[in-house]
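What follows is the residue order along each chain.
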Amino acid sequence: MTRERQPGRPARRAITRWGWRLFRREWKQQLLVLSLLTVAVATAIAGSAMAVNAVSVGEGRFGSANAILSVNAHDQATGVAVLAAAQKLYGTTDVIAHAEVTVPGTVVGIDVRAQDPSGAYGHSLLALRSGRYPSGAGEVAVTSNLVSVVGHVGDTVDLGGGPREVVGVVENPGKLSDTFALVAPGTLATTTYSVLVDIANPDRPVPQLAGLDGVEISGSGNVKQAVAATVLAASTLALILVALVASAGFVVVAERRQRNLGLLSALGATGRHVRMVMVVNGALVGVVAALAGLIVGIGGWVASASAIEGAADHRIARFDLPWTLIVATLVIAIILATLSAWWPARSVSRQPVMVALSGRPASPRPVHRSIGLAFAVVAAGFIALGFSKPTTPNVRTALLIAGLIAVVVGSVLASPAAIRVLATLSRRLPFGPRLALRDLSRHQSRAAAALAAITLGIAISVSIVGIAVASQSPNSHPNLSASQLVIHSAEPDRPPDPTLTTTQLTALDEQAASIVASIHGSTRTLALDVAVNTAAGGGAGNRPVEIATPVGQRQYDSVSHGDAYVATDDLLRGLDVDPARVANGADVLRSSALDSSLPLVVLDFSSRPDSSVLPATTQQLDLPPYGSAPSTLLTQALVSAHGWGVARSGWFIQADHALTSAELDAVRAAAAVAGFAVEQENAPDDLSPVRNWATGIGAALALALVAMAVGLIRGESVRDTRTLAATGAEARTRRAITSTTAAALAVSGVVLGVGGASVALVAVFHSRLTRLTPIPVADLLAIGVGLPLIATIAGWLVAGREPRTFSRQMLD
Amino acid sequence: MTARLRLEHISKVYGDGATAVHALRDVDLSVADGELVAIMGPSGSGKSSLLTIAGSLEDPSSGEVFVGDQSLTAMSRAEKARLRRRSIGFVFQDFNLLAGLTAAENVAMPLELDGIPAREARKAAMSALEQLGIDQRSEHFPDDLSGGERQRVAIARAIVGDRRLLLADEPTGALDSINSESVIRLLRDACHRGAAGVVVTHEATLASWADRVVFIRDGRVVDQTSAPSGPDSLLASVLGPQS
Ligand SMILES: Nc1ncnc2c1ncn2[C@@H]1O[C@H](COP(=O)(O)OP(=O)(O)O)[C@@H](O)[C@H]1O
Ligand SMILES: [Mg+2]
């Protein structure tokens, strides 16, 4: 025997070359896998970019600092002393001086800031839109929404302290709605400052300084963590989908190459060589899909970034992306594609050479999986999801992802059972469908990956629909109707005053009436009063009493969208409710059109540090069903029982027609002069496009996968089909078989996918299940009924022609 | 002369119980270097089984196979693969060439799998193609070759390097009579240069080109004869082997 020669490098090179040639020959047949992988990678990348960037860190106030010292000194000297002390304590400080200035002709106070555009921490909070930054005492720049109020570039204005020329338009990139006038540092006489600092240990108490009003620590860490968890969870799901789609696709590829691989074995290739041909293919598909996905994902992100800027209210740096996450996604996608190719290659390389050479598919393996195990895994996932606190910033990432994976795996494990049920039902069916279902049940192991991918694809789209509903829910009850307005006399920094005399109140009411006078037709103006705990005294005591619903331990959601109004007799009568109908002992009156399942509490903020929480007896009445309208009221009995004072906070206006924009403009202008704010119908954030896109894309993906699975199942039974054709079965039978197979796959995918997604959604939102209402019937119907229907019809139409798989055996 | 291939008491049973098929029953066969043996028999008689067992693609149910002086019985899968890379050349009826590789690359593949550098393997492949008179088609892909050309490339691959055992299962099954004859002649020429060959065919005229014909029926060797010398073999005995 000659000296041992190791095949080594030349063999690997020859195999790689052949793998590459086969990929080049067959890439069109792998287009479906390629494009599905590309979409999954692109979605993961664009999604993580959006999620990471949609979070406004620190609401555009902290910049790169982690704390803000609020300085409100008695006099300028104290203020300067505090600033010096802060600098001594923290080293670098970035001082933003504030003054509230009233511009002649308006009653609205304008925030004038003296801030250094190249400040150590705050430079990211200033950007120039046009013109230049102010320098020296005689210049000012304004945000674009103040141009019409303060002045255009070139105008000279007086903001106190002498005339200034407007030299530029600026913005806060961290909060586009931020409204302010900017002057050069040191040119503003004030005693109010925000000092941006970096506190080494934010948990340590900050030294008390005279004039230091408060310290605010940035809470962005938790939010960032929660976003990272969500992004990671979503990417994990996308990548599991990648792996399943790739496995399903590569089973087809391996089958198509079976004879070639058998021949390679006959020539003396080892099992490793045979697997390598497929692994090379998988790696190539992975690389191509990763690169294409990267380009598509980033392209999609850049294209949609400007739309997101508007919604997120902050500028978004297009290429400030989570690169580590993106690179990890790409690497994992390539590895998963490679592994997915390795698996079917392994079964080919284990086949006897002659079987592989014959081109006959291996005989089907029976699938034995216990439905009990599937349920146990889903249940474990449900519990893990429930405990991962997914709706809070303190989300437990590992638990969240483990739970998601368990629910996915469990649903997928249940698929043999689902198909078995279908096969059992088939006994009564006519010949074609019966044969189809029996084959489906016999050959399901090879279509298992495709079926799992169908399930997961549907589950993901249903989950997105569910999350969209849940995100919509808080605003889904409109605040007002188109014919209603609320005029607020009070602002957060100008709380309602319970000590006004009757004369003063009448004057206020007359002011409101004159504002409303510009509305045509008849209008009804109802005074809105809030309850204030006057006994507590002090500034904080003036925060009005609110009505809320408990959402967790010591966590409350305000149900009154701000203020809870007092049910005065005038108000009730104005709303066409007889005051006599108010029951004895009722604390809160609530519109019967609103959700009555929530327990309500009354929050009195005056008893600091914690507000006191008063359980409330609720009575349902025929009040307006709108959140900002007087829809949830405090009874007068409750108010007087606690000895609260009553203060006028605004007026509810009911017109007899939907208000025109001209009327709204007139009312807003008049209200601005009086220093009042106007609230109008606020079309809720419409997330239905998200739902519809998720439904459409999910259904399209599922259909593509159904087609793939049908090919796998029917490809296996080509001989049967050929025999059928030979024995004179018509196209009808062929159509019936294919459409039944497609329908069965779609139905079991829908059942398992919708089921799995529902389990995950219920687990995630278990403490606020009502947020998942109203159930998006249209989207669910589209997936649950539309998808199987389309699959059935498409199967019927496509099977009319001789299937391509007929001739496939003859190729190569 | 040593026997290149020796089958001793080979039996092959597919399946078990009521569905068991006895494809081969106690078959003995020995083929020497330089000898071409034809195997004839009706369809289903076990010819292909015999060839795949001789070529290590399948294991016999009982009996022993020797290639050269090595027994296949104790060999691992990897060792059998190495034996196929180095010593055995297969020619099948209709599916012989790897898709996506040129004729030359197909012929070089077993050598490259065995670790011979690409350039060297290519040189050997070109000389094998030359022997088969098809070197001018070396850069063509299987799809662009005719059936006869494909079988010639397959034969070139079966003899490339110093392969000593040539197994052909109905190599002419898909060819017309002119191509069939030239393929069988090429096989015989290859054997007469020193390799041992076994060719399965059910055409008596083609079998007549072999040095010996083995008849097989229901898995048993029923007759073994020296074939009547065909006109060409007569010529050959006078003039020596021709290319
Ligand atoms: N993989 C296999 N499984 C079961 N039976 C087989 C298999 N291969 C061959 N047979 C059976 O063995 C017998 C011999 O087959 P084969 O060797 O292919 O005959 P031949 O090549 O002479 O036509 C036939 O009855 C055939 O049906
Ligand atoms: Mg045969």
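Residues numbered from 1 in each chain as written. Chains lettered and ligands numbered in written order. Predicted model: local features only at pLDDT ≥ 70, side-chain atom pairs only at ≥ 80, totals over all residues. Heavy atoms only, no water.

The next subject is the overall build of chain B. Looking only at helices and strands, chain B features eight helices and ten strands. For chain B, buried positions account for 55% of its 243 residues. Considering only contacts within chain B whose residues lie at least 6 apart along the sequence, 68% involve residues at least 24 apart. (Helix = DSSP H or I, 4+ residues; strand = E, 2+ residues; numbered from the N terminus. Buried < 20%, exposed > 50% of the residue type's maximum accessible area, 1.4 Å probe, protein only. Contact = heavy atoms within 4.5 Å.)

Turning next to the overall build of chain A. Helix and strand content of chain A: 22 helices and 22 strands. Relative to its full complement of 812 residues, chain A shows a buried share of 49%. Taken as a whole, chain A presents about 36700 Å² of accessible surface, with 60% of it coming from carbon and sulfur. (Areas by Shrake-Rupley, 256 points an atom, 1.4 Å probe, with all protein chains shown as cover.)

Here we come to the interface of chain A and chain B. Where interface size is quoted, it is often the accessible area lost as the parts come together. Each partner contributes residues to the interface: chain A has 33 residues there, and chain B has 34 residues. Linking chain A to chain B there are five salt bridges. Among the salt bridges present, the one from Arg17 of chain A reaches Glu112 of chain B, with a minimum N-O distance of 2.9 Å. For the interface between chain A and chain B, the tally reads eleven residue pairs in polar contact (both at pLDDT 80 or more). (Salt bridge = Lys/Arg side-chain N within 4 Å of Asp/Glu carboxyl O. Polar contact = N/O pair within 3.5 Å; in protein donor to acceptor, adjacent residues only side chain to side chain.)

What follows covers a positive patch on the surface. Residue and element names in this part refer to chain A. On the surface, a cluster of positive charge is contributed by Arg9, Arg12, Arg13 and Arg272. A total of three residues in the positive patch trace back to one element, the largest contributor, which is helix 1 (residues 8-26). Mapped onto the elements of the fold, Arg13 is located in helix 1. Accessibility expressed as a relative area gives 47% for Arg13, which makes it partly exposed. (Patch = residues over 30% accessible without salt bridge, like charges linked within 9 Å, V, L, I, M, F, W, Y side chains within 5 Å. Lys, Arg positive; Asp, Glu negative; His and termini not counted. Charge placed at Lys NZ, Arg CZ, Asp CG, Glu CD.)

Right, let's talk about the pairing of strand 21 (residues 645-655) of chain A for a bit. Residues and elements named next belong to chain A. With respect to burial, strand 21 is a largely interior element, nine of its eleven residues being buried. By the bridge criterion, ten bridges tie strand 12 (residues 523-532) to strand 21 in an arrangement that is antiparallel. Each residue of the ladder has a partner; that of Thr525, found in strand 21, is Ile653. (Pairing = 2+ DSSP bridges.)

Another point: unusual backbone geometry. Trans peptide bonds make up the majority, and among non-glycine residues the majority have a negative phi. At Asp576 of chain A, a position not held by glycine, the phi torsion is positive, near 65 degrees. Topologically, Asp576 of chain A is positioned in the loop between helix 15 (569-574) and strand 16 (588-591). Residues other than glycine seldom take positive phi values, yet Asp26 of chain B does so here, at roughly 50 degrees. With respect to the helices and strands, Asp26 of chain B occurs in strand 2 (residues 21-32).

Turning next to the pattern of salt bridges. Evaluated as defined, the whole model comprises 22 salt bridges over all chains. Where Arg259 of chain A meets Asp94 of chain B, a salt bridge forms, and the shortest distance between an N and an O atom there is 3.8 Å. Placement of the pair is Arg259 of chain A in helix 5 (residues 258-266) and Asp94 of chain B in the loop between strand 6 (88-91) and helix 3 (103-113), with the two residues belonging to separate chains. Among the residues examined, Asp94 of chain B registers a relative accessible area of 53% and is labelled exposed. As a salt-bridge pair, Arg524 of chain A and Asp576 of chain A come within 3.5 Å of each other at their nearest N and O atoms. One end of the pair, Arg524 of chain A, is in strand 12; the other, Asp576 of chain A, is in the loop between helix 15 and strand 16, with 52 residues separating them in the sequence. Classification of Asp576 of chain A by relative accessible area gives exposed; the value is 62%. Within this structure, Arg17 and Arg21 of chain A together with Glu105 and Glu112 of chain B form a network of salt bridges that share partners.

Time to look at helix 10 (residues 397-413) of chain A. With 17 residues, helix 10 of chain A extends 24 Å between its outermost C-alpha atoms, agreeing within 8% with the 24 Å of an ideal straight helix rising 1.5 Å per residue. Where helix 10 of chain A is concerned, the buried positions are Leu400, Ile401, Gly403, Leu404, Ala406, Val407, Val408, Gly410, Ser411 and Leu413 of chain A. (Expected span 1.5 Å × (residues − 1).)

Residues and elements named next belong to chain B. In the vicinity of ligand 1, the contacting residues are Tyr14, Val21, Ala23, Pro42, Ser43, Gly44, Ser45, Gly46, Lys47, Ser48 and Ser49. Residue Ser45 places a main-chain N or O atom 3.2 Å away from an oxygen atom belonging to ligand 1. Ser49 places a side-chain nitrogen or oxygen 2.6 Å from an oxygen atom of ligand 1. Burial of ligand 1 by the protein amounts to 63% of the accessible area it has alone, namely 560 Å². The set of elements that each furnish at least two residues to the shell around ligand 1 consists of strand 2 and helix 1 (47-54). Looking at the shell around ligand 1 element by element, the count peaks at three residues for helix 1. Looking at the shell around ligand 1 residue by residue, the class counts come to four nonpolar, six polar and one charged. (Near = heavy atom within 4 Å. Nonpolar A, V, L, I, M, F, W, Y, C, P; charged D, E, K, R; others polar.)

Attention now moves to the side chain of Thr695 of chain A. Following the sequence through the fold, Thr695 of chain A ends up in helix 18 (residues 688-716). Here Thr695 of chain A is in contact with Val465, Asp779, Ala782 and Ile783 of chain A, once residues within four sequence places are set aside.

This part covers the sheet that holds strand 5 (residues 70-71) of chain B. Residue and element names in this part refer to chain B. If you walk across this open sheet you meet the four strands as 2-1-4-5, and the pairing is antiparallel. Across the chains shown, the open sheet's two edge strands, defined by having one partner strand only, are strand 2 and strand 5. Sheet topology note: the strand 1 (residues 3-14)/strand 4 (residues 62-67) ladder contains five bridges and is antiparallel. From the neighbouring strand, Leu5 faces strand 4, where its bridge partner is Val67.

Turning next to the packing of helix 9 (residues 371-387) of chain A against helix 20 (residues 731-764) of chain A. Residues and elements named next belong to chain A. The geometry of helix 9 relative to helix 20 is characterised by a closest axis approach of 8 Å and an angle of 30 degrees between their N-to-C directions. Taken together, the axes of helix 9 and helix 20 are roughly parallel relative to one another. As for how helix 9 packs across helix 20, the hand of that crossing is right-handed. Between helix 9, through Val378, Phe382, Leu385 and Gly386, and helix 20, the contact on the second element is made entirely by Val759, Ala760, Val762, Ala763 and Val764. Broken down by class, the residue content of the contact of helix 9 with helix 20 amounts to eight nonpolar, one polar and no charged. (Axes fitted to C-alpha atoms, helices over the stretch in contact; angles between N-to-C directions. Parallel < 35°, antiparallel > 145°, perpendicular 65-115°, else oblique. Left-handed = near helix turned anticlockwise from the far one by under 90°.)

Bringing the sheet that holds strand 9 (residues 212-217) of chain B into the picture now. Residues and elements named next belong to chain B. The strand order 6-7-8-3-9-10 describes an open sheet built from six strands, whose pairing is mixed. Since the sheet does not close on itself, it has two edges, and those belong to strand 6 and strand 10 (220-225), each with one partner. Between one strand axis and the next, the sheet turns by 20 degrees as a mean value, whatever way the strands run. This element, helix 2 (residues 77-87), spans strand 6 and strand 7 (165-169) of the sheet and lies at about 80 degrees to strand 6.

The next thing to look at is the nonpolar core. If you look at the biggest cluster of nonpolar residues, it comprises 141 residues, and the most contacted ones within it are Trp18 and Leu264 of chain A together with Leu5 and Met109 of chain B. Not counting the four nearest positions on each side in its chain, Met109 of chain B is found in contact with Ala14, Trp18, Leu264 and Leu267 of chain A together with Leu98 and Leu101 of chain B. Counting 40 residues, the second-largest nonpolar core is a separate cluster that includes Ala121, Val160, Leu186 and Leu187 of chain B. (Core = buried A, V, L, I, M, F, W, Y, C linked by side-chain atoms within 4.5 Å.)

Once that is clear, we can look at the packing of aromatic side chains. Both the distance between ring centres and the angle between the ring planes are used here to describe each pair of aromatic rings. For the structure shown, the criterion picks out three aromatic pairs over all chains. The interplanar angle of 5 degrees and the centroid separation of 5.4 Å between the aromatic rings of Phe90 of chain B and Phe92 of chain B together place this pair among those described as stacked. Judged by its relative accessible area of 9%, Phe92 of chain B falls in the buried class. A cation over a ring is seen here: Arg113 of chain A above Phe180 of chain A, with NZ or CZ 4.1 Å from the ring centre. We note Arg6 of chain B situated over the ring of Phe66 of chain B; from NZ or CZ to the ring centre the distance is 4.3 Å. (Phe/Tyr/Trp six-rings, centres within 6.5 Å; stacked < 30°, edge-to-face > 60°. Lys NZ or Arg CZ within 6 Å of the ring centre and 35° of its normal.)

If you trace the backbone, Val566 of chain A turns up in strand 15 (residues 565-566). A sequence separation of 73 residues divides Val566 of chain A from Val639 of chain A, and the C-alpha atoms of the two residues are 7.8 Å apart.

A contiguous nonpolar patch, built from Ile775, Val777, Leu780, Leu781, Val785, Leu789, Ile793, Trp796, Leu797 and Val798 of chain A and spanning about 930 Å² of accessible area, is present on the exposed surface. Of note, Val785 of chain A is situated in helix 21 (residues 777-798).

Further remarks concern the confidence of the model for chain B. Residue and element names in this part refer to chain B. On average, residues of chain B score 86 in pLDDT, and 92% of them reach the 70 mark or higher. Across residues 227-231, where pLDDT falls below 50, the model places eight contacts with residues more than four positions away in sequence or in other chains. The low-confidence segment residues 233-243, where pLDDT is below 50, has nine contacts with residues more than four positions distant or belonging to other chains. (pLDDT = per-residue confidence, 0-100.)

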